[in-house]
Number of protein chains: 2
Amino acid sequence: MRAVVPFDARTPNQRLSTVLDAPERRAFAMAMLQDVLAALEPTRFEPHVITTAPLPESPGVPVTIDERPLDAVVTTEIERQVPLAVIMADLPLLTPDSLNRLAHTAGDVVLAPGRGGGTNAMLVRDAGFETDYHGASIRDHRAIARAKGLSVGELDAFSVATDVDEPEDLLAVLLHSDGRSADWLTGAGFRVETSTGRPTVTRTVDSD
Amino acid sequence: MRAVVPFDARTPNQRLSTVLDAPERRAFAMAMLQDVLAALEPTRFEPHVITTAPLPESPGVPVTIDERPLDAVVTTEIERQVPLAVIMADLPLLTPDSLNRLAHTAGDVVLAPGRGGGTNAMLVRDAGFETDYHGASIRDHRAIARAKGLSVGELDAFSVATDVDEPEDLLAVLLHSDGRSADWLTGAGFRVETSTGRPTVTRTVDSD
């Protein structure tokens, strides 16, 4: 089954600009993409990266460059063939198990909510579905399916709900992953700090 | 199977003090407890609330008052009988489905991580396990199980990982729940604001 992974190669993770500069944000975004592709690899999904600009390195799967907005890209893909999965690229905790659960959840459309109200993964089995990724998209996607008479399944997975958007989200990567994204953060000096009781993230940058 | 739900009836949710006063925090904590008990109700778990002080209203399940620290309370319960589930009281998105998955996950100990590094639910099948709920407890609990030669299962559930600790966590309740906690927040004037693109929470308090 096809799985489209949309990727912003130009200005990814702009909300991390208080803790990472632009080259760091691009490198970290690539690490997260690689974690997502590594989770997809042992599953039945066949990943295809659709990126806004050429990638700095080959991810080892087919890549298409398409500068259009996300909804236009996904609409084209749905018209081409269903079932289609759409998996966000900023899910460093993603696991093969949660992807297999996505594949086995019933529904004309299966939605996996993101913590902040986004739709972090979806599986579209009916070509009548349309996406609207702006704002609190999980609610809009439920409403669109309802309006079109399509059944909706939902995937309850922390590993899918955890997208990386704000600096505070880095804590979850360090706490719950041992993938490339976590390695990249550790290499960049990020650490979990637990001395005050509640875990937080700190960064130590070498001065030499 | 017994399910202990520890509850702080005295000073719950102190990190919400910037958005809720003390009586509001106690009322909201009771709403979250009721959501947790409502999720447990149709499952095989038999809930038992262990509270630091008398509750303002009966939750409809057995209640024990015990002022000791959480680890001491849970140790006593594990010594009494296993299997034992320990479910945190601040999980307003909790569902019967995720609890059934907890019950069916293999392992001498099954751990459900919280977003911030806590252990939001656990199922202890081997009385040799010990808890340590301070700091990033999910990592400590994995290490304790390993040190004792116990197998660990993990539950990947957004509905269990979402605890309410900081004001920003209220967004997830409003976005993803229609339970008592969400009703309470709505009644107190909290709303999801999506006009800026990324959803946030705002509060409107009636002036009359």
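What you see is a predicted model; the values in this text were computed from it and never measured.

### As for the overall build of chain A
Right, on to step 1. From N to C terminus, chain A includes 7 helices and 9 strands.
Right, on to step 2. In terms of C-alpha radius of gyration, chain A reaches 17 Å, essentially the compact-globule figure of 17 Å for 208 residues.
Right, on to step 3. Across its three principal directions, the C-alpha atoms of chain A cover 60 × 40 × 30 Å.
Right, on to step 4. The burial tally for chain A puts 53% of its 208 residues in the buried class.
Right, on to step 5. In chain A, once contacts between residues fewer than 6 apart in sequence are set aside, the share between residues at least 24 apart is 60%.
Right, on to step 6. When the accessible surface of chain A is split by element, carbon and sulfur atoms take 48% of a total near 8900 Å².
Right, on to step 7. In chain A, which carries 19 positive and 31 negative side-chain charges, the distance between the mean positions of the two groups comes to 3 Å.

### Some points on the pairing of strand S4 (residues 84-87) of chain A
Residue and element names in this part refer to chain A.
Right, on to step 1. A two-sided burial pattern is seen for S4, the buried positions comprising Leu-84 and Val-86 on one face and Ala-85 and Ile-87 on the other.
Right, on to step 2. Where strand S1 (residues 2-7) and S4 come together, 3 bridges link them in parallel fashion. Bridged to Arg-2 within S4 is Leu-84.
Right, on to step 3. With 4 bridges connecting them, S4 and strand S6 (residues 119-124) associate as antiparallel partners. Bridge pairing links Val-86 to Met-122 in S6.

### A few points about the pairing of S6(A)
Residue and element names in this part refer to chain A.
Right, on to step 1. Within S6, 6 of the 6 residues are buried, leaving the element largely enclosed by the surrounding structure.
Right, on to step 2. Direction of pairing for strand S5 (residues 109-113) relative to S6: antiparallel, over a ladder of 5 bridges. Bridge pairing in S6 places Leu-111 opposite Met-122.

### A closer look at the layout of surface pockets
All names here are of chain A.
Right, on to step 1. For the second largest pocket, the calculated volume is near 1200 Å³.
Right, on to step 2. Lining the second largest pocket are 42 residues, and of these Arg-15, Leu-70, Met-88, Asp-90 and Asp-165 lie nearest its centre.
Right, on to step 3. Put simply, the parts of the chain that give the lining of the second largest pocket at least two residues each are S1, helix H1 (22-40), strand S2 (46-51), helix H2 (70-80) and S6.
Right, on to step 4. Looking at the lining of the second largest pocket residue by residue, the classes come out as 15 nonpolar, 15 polar and 12 charged.

### Thoughts on the side chain of Asp71(A)
Residue and element names in this part refer to chain A.
Right, on to step 1. With respect to the helices and strands, the residue Asp-71 is situated in helix H2.
Right, on to step 2. Among the polar contacts made by the side chain of Asp-71, one reaches the side chain of Thr-131 at a distance of 2.9 Å.
Right, on to step 3. Beyond its immediate stretch of four places on either side in the chain, Asp-71 contacts Thr-131, Asp-132, Tyr-133 and His-134.

Quick notes on the rules
Residues numbered from 1 in each chain as written. Chains lettered and ligands numbered in written order. Predicted model: local features only at pLDDT ≥ 70, side-chain atom pairs only at ≥ 80, totals over all residues. Heavy atoms only, no water. Helix = DSSP H or I, 4+ residues; strand = E, 2+ residues; numbered from the N terminus. Rg over C-alpha atoms; globule rule 2.2 N^0.38 Å. Buried < 20%, exposed > 50% of the residue type's maximum accessible area, 1.4 Å probe, protein only. Contact = heavy atoms within 4.5 Å. Areas by Shrake-Rupley, 256 points an atom, 1.4 Å probe, with all protein chains shown as cover. Lys, Arg positive; Asp, Glu negative; His and termini not counted. Charge placed at Lys NZ, Arg CZ, Asp CG, Glu CD. Pairing = 2+ DSSP bridges. 1 Å grid on protein atoms, 1.4 Å probe; cavity = no way out; pocket = protein on both sides within 12 Å on 5 of 7 lines; lining within 4 Å. Points joined across faces, edges and corners; volume = space filled by probe spheres on them. Nonpolar A, V, L, I, M, F, W, Y, C, P; charged D, E, K, R; others polar. Polar contact = N/O pair within 3.5 Å; in protein donor to acceptor, adjacent residues only side chain to side chain.

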